[in-house]
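# Residue-level structural notes
These are the residues of each chain, in order.
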Amino acid sequence: MDLPLVVGVDGSESSMRAVDWATDEAALRGLPLRLVYASLWERYEGAALAEGLGRSSEQIMADTIVEVATQRAHRRNVDVKITAEVLPEDAVSLLLTEGFGATALILGSRGRSGIAERLLGSVSLTVAARAHCPVIVLRGSHDNQARAGRHQRVVLGVGDPAHGEAATRFAFQEAAERGVPLEAIRAWRCPAHESTDHPLMSGEPARLHEQAAVDILDAALHMAAADHPGVEVHRRTAEGPARKVLLEASTDADLLVVGVRRHEPHGRVGMQLGRVAHAALHHSACPVAVVPQRG
């Protein structure tokens, strides 16, 4: 059974645009779409109000938001199978739970809190940092770059090969489904203490670090490329901080894919965002897929 794409909706413009994007993605992948709304009205207003005095304004609003989102998705693509539900949980807990049964979670960059567009909402950030499935955050809404297929390119930030296998597979799958090239980028830097002013040695440290980046790219892409022979792959190394390199690449990409490593300290399951993923979620010019590495 195919796991659905799950969208968290809250009535904001950002979440409704996530519905649009997710509907296109579901059609592309042949997956069902699930829309969820987190509402604590039952807990806050009590069972007596819920059962004896009719529906509260919060419940009416929740049902309306879910209905509008469902109709919007149907209008966008009538062939996508859609389910929708209002659940009595806080947003973060609901989305993390839904993530265990999802192909991916798809979220807007911010909710109804009025936070500036350039900043990421706390729910999206927390879910991206802790979910057990890929989380796609719809960055780029300030200039409508979240429209699927605008640039015909998926970008993969290649980090540590030991911790990025899942992200690499995800990026290849996205490129294959869309029928677009995949640009895999590995950033590198030459530490200052390795530089030299000797005219015969000035380029050697940089060359060695660049070659190491090439080797990492080849190692990271080898298996996934063999599994997706139809995907056109462009390998690129770039000198500079990974955050800066990937943010620049996001300006003409349809999707930026980054991997994150899940930590399990003292037996407690959790996942932290590295600096690269954190920067991408806050500042990318296109949607960002944060893909956790299991194990």
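Remember, it's a predicted structure, so these values are computed and weren't measured experimentally. (Residues numbered from 1 in each chain as written. Predicted model: local features only at pLDDT ≥ 70, side-chain atom pairs only at ≥ 80, totals over all residues. Heavy atoms only, no water.)

## Brief notes about the overall build of the protein chain
A count of helical and extended segments in the protein chain gives 10 helices and 10 strands. Counting every position in the protein chain, which comprises 295 residues, the buried fraction comes to 46%. Split by element, the accessible area of the protein chain, about 14400 Å² in all, is 51% carbon and sulfur. (Helix = DSSP H or I, 4+ residues; strand = E, 2+ residues; numbered from the N terminus. Buried < 20%, exposed > 50% of the residue type's maximum accessible area, 1.4 Å probe, protein only. Areas by Shrake-Rupley, 256 points an atom, 1.4 Å probe, with all protein chains shown as cover.)

## Topic: the pattern of salt bridges
Following the criterion strictly, the structure yields 14 salt bridges and no others. When the shortest N-O distance is used, the salt bridge between R178 and E174 registers 3.0 Å. Residue R178 and its partner E174 are both found in helix α7 (residues 165-178); the two are separated by 4 residues, about one turn of the helix. The exposure classification of R178 matches that of E174, with both residues buried. Salt bridges here are not isolated pairs; linked through shared partners, they connect E25, R29, E174 and R178. (Salt bridge = Lys/Arg side-chain N within 4 Å of Asp/Glu carboxyl O.)

## Side note on helix α10 (residues 275-283)
The α-helix winds at 3.6 residues per turn, so residues separated by three or four positions along the chain end up facing the same way. What α10 keeps buried is the set A277, A279, A280, L281 and H282. Residues of α10 that are buried make contact with α6 (122-130), β5 (135-138), α9 (242-249), β9 (255-261) and β10 (288-293). (Contact = heavy atoms within 4.5 Å.)

## Looking at the nonpolar core
Of all hydrophobic cores here, the largest spans 45 residues; its most connected members are V7, L33, I106, L156 and V257. With 35 residues, the next largest nonpolar core counts L94, A129, A131 and L246 among its residues. (Core = buried A, V, L, I, M, F, W, Y, C linked by side-chain atoms within 4.5 Å.)

## Structural notes on the sheet that holds strand β3 (residues 82-87)
Sheets are built from strands paired through backbone hydrogen bonds, the pairs being either parallel or antiparallel. What the 10 strands build is an open sheet, ordered β3-β2-β1-β4-β5-β10-β9-β6-β7-β8; its pairing is mixed. Unpaired on one side and paired on the other, β3 and β8 (233-239) mark the two borders of the sheet. The mean inter-strand angle of the sheet, taken between neighbouring strand axes irrespective of direction, is 25°. Sheet topology places strand β6 (residues 154-157) next to β9; 3 bridges connect them, and they run parallel. Residue pairing across strands places V154 opposite L255, the latter belonging to β9. Along the sheet face, α6 touches β4 (104-108), β5 and β10 and points at about 160° away from the line of β4. (Pairing = 2+ DSSP bridges. Axes fitted to C-alpha atoms, helices over the stretch in contact; angles between N-to-C directions.)

## Brief notes about the pairing of β9
Counting buried positions over the 7 residues of β9 gives 5, a clear majority of the element. Relative to β10, β9 runs parallel, the two being bridged by 6 bridges. Each residue of the ladder has a partner; that of V257, found in β10, is A289.

## Quick word on the packing of helix α1 (residues 13-29) against α7
With their axes 9 Å apart at the nearest point, α1 and α7 run at an angle of 80° to one another. In terms of axis orientation, α1 runs roughly perpendicular to α7. Of the residues in α7, those in contact with W21, E25, L28 and R29 of α1 are F170, Q173, E174, E177 and R178. Of the residues in the contact of α1 with α7, the class split is 3 nonpolar, 1 polar and 5 charged. (Parallel < 35°, antiparallel > 145°, perpendicular 65-115°, else oblique. Nonpolar A, V, L, I, M, F, W, Y, C, P; charged D, E, K, R; others polar.)

## Comments concerning the packing of α1 against helix α4 (residues 57-76)
A pair of packed helices is captured by two measures, namely the crossing angle of their axes and the spacing between those axes. Two elements in contact, α1 and α4, have axes whose closest approach is 9 Å; the angle formed by their N-to-C orientations is 40°. Every pair of crossing elements has a handedness; the one defined by α1 and α4 is right-handed. Facing M16, R17, V19, D20, T23 and D24 of α1, the residues of α4 in contact are I65, V68, A69, R72, A73 and R76. Residue composition of the contact of α1 with α4, by class: 6 nonpolar, 1 polar and 5 charged. (Left-handed = near helix turned anticlockwise from the far one by under 90°.)

## What to know about the environment of L105
The residue L105 is located in strand β4 in this model. L105 gets classed as buried once you look at its relative accessible area, which sits at 0%. Ignoring any residue separated from it by four or fewer positions in sequence, one finds L105 in contact with V6, L95, E98, G99, V127, A131, C133, P134, V135 and I136.

## Here we look at the confidence of the model for the protein chain
When pLDDT is averaged along the protein chain, the result is 84, and 78% of the positions lie at 70 or above. Note that residues 112-119 has pLDDT below 50 and, in this model, 19 contacts with residues that lie over four places away or in other chains. Scored below 50 in pLDDT, residues 266-271 shows 16 contacts in the model against residues more than four places distant or in partner chains. (pLDDT = per-residue confidence, 0-100.)

## Structural notes on the environment of S39
Here S39 shows up in the loop between β2 (33-38) and α2 (41-45). The contact partners of S39, leaving out residues within four places of it in the chain, are E58, A62, V86, L87, P88 and E89.

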